[in-house]
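Listed below are the residues making up each chain.
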Amino acid sequence: MSRSGGAPREIALPAGVFNTLCRELEGAAGRLHAVHALHDNGHRAGLEASVALQREAGGGARSLGKDAFWRRLSEYFSKRGWGTLEHASVHPAVGVLSSRDWAEAEVDDPSEQASCSFSSGYLSGILSELAGGPIAVLEVSCRARGDETCAFAFGSEAAIHDLYGRLLEGAELDAALEQLS
């Protein structure tokens, strides 16, 4: 929130700021700490951003129908230069938001690692606030490492933890989703 208690104040930054932040944090604290710091700060920003999303939805983002909600969420991000999000229901416990033009993936050098840690936290914060409870988000593909899209799986903490474990074991996303209970 703003200091005056009103709606959160928003600013625009070049997408390259994510590269700089990530490099500086990695240099100072290491890769894992950088990922956690970016995700945690993204989550806090997402909690605040949900206010703007609600305002732009006329105060009723929570009451929108499913298709209207996902369209409104994509418009929110697109309007701010993040990119266009597409929603897919891929499993009863997990959805996926994907983008072919996601801003945080605009990196100087391709990487073997996913780069959208802030975005994962940001999406988690927005979705958690609007859902009224925790929604975990895991980046499952990233343009910065050569994937066609940035894709963010979301669901309950248990479902996303289970999905992450299966992906770490080497399962492809579709196979990992089929194995979820």
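Note that the coordinates shown come from a computational prediction; the quantities given were computed from them, not determined experimentally.

**Student:** An account of the packing of aromatic side chains is needed here, citing residue identities and associated values.
**Tutor:** The description of an aromatic ring pair uses the distance of the two centres, along with the angle that the planes make with each other. Considering all chains together, one arrives at 13 aromatic pairs under this definition. For the pair Trp70 and Phe154, a centre-to-centre distance of 5.4 Å together with 45° between the ring planes defines the contact as tilted. One end of the pair, Trp70, is in helix H3 (residues 66–79); the other, Phe154, is in strand E4 (residues 150–155), with 84 residues separating them in the sequence. Accessibility assignment for this pair places Trp70 and Phe154 in one class, buried. For the ring pair Trp82 and Phe118, a centre distance of 6.3 Å and an interplane angle of 5° mean the geometry is stacked.

**Student:** Let's hear about the pattern of salt bridges: which residues, and what values?
**Tutor:** Under the criterion given, the structure shown has 7 salt bridges. Between Arg100 and Glu148 there is a salt bridge, and its shortest N-O distance comes to 2.4 Å. One end of the pair, Arg100, is in the loop between strand E2 (94–99) and helix H4 (117–131); the other, Glu148, is in the loop between strand E3 (136–141) and E4, with 48 residues separating them in the sequence. Across the pair, Glu148 and Arg100 agree in class, each one exposed. Between Asp147 and Arg145 there is a salt bridge, with its nearest N and O atoms 2.8 Å apart. Here the salt bridges do not stand alone but share partners, grouping Glu10, Glu56, Lys79 and Arg80 into one network.

**Student:** With reference to specific residues and values, describe the packing of helix H1 (residues 17–29) against helix H2 (residues 31–56).
**Tutor:** In contact at an axis separation of 7 Å, H1 and H2 are set at 130° when each is read in the N-to-C sense. With respect to H2, the axis of H1 lies oblique. Crossing angle aside, the handedness with which H1 passes H2 is right-handed. Between H1, through Leu21, Cys22, Leu25, Glu26 and Ala29, and H2, the contact on the second element is made entirely by Arg31, His33, Ala34, Ala37 and Leu38.

Calculation notes
- For every chain, the first residue of its written sequence is number 1, and the numbers climb from 1 along that sequence.
- With the structure being a predicted model, the display of local features is reserved for residues of pLDDT at least 70 and the display and counting of side-chain atom pairs for 80 or more, all residues being used for whole-chain, interface and lining totals.
- To obtain the side-chain values, all non-hydrogen atoms of the structure were included, while hydrogens and water were left out.
- Pairing of aromatic side chains here covers Phe, Tyr and the six-membered ring of Trp, requires ring centres within 6.5 Å, and sorts the geometry by plane angle: under 30 degrees stacked, over 60 edge-to-face, intermediate tilted.
- Here a helix means four or more residues in a row that DSSP labels H or I, a strand means two or more in a row labelled E, and each is numbered from the N terminus.
- In this scheme, a residue with accessible area under 20% of its type's maximum is buried, one over 50% is exposed, and one in between is partly exposed, where area comes from a 1.4 Å probe on protein chains only.
- Salt bridges are defined by distance alone: a side-chain nitrogen of Lys or Arg within 4 Å of a carboxyl oxygen of Asp or Glu.
- Every angle, taken between N-to-C directions, lies between 0 and 180 degrees, and every axis is a line fitted to C-alpha atoms, over only the stretch in contact when it is a helix.
- Our angle categories are set so that under 35 degrees counts as roughly parallel, over 145 as roughly antiparallel, 65 to 115 as roughly perpendicular, and the remainder as oblique.
- Helix crossings fall into two classes, left-handed where the near helix is turned counterclockwise from the far one by less than a right angle and right-handed where it is turned clockwise.
- Only heavy atoms matter for contacts: two residues are in contact if any of them lie within 4.5 Å across the pair.

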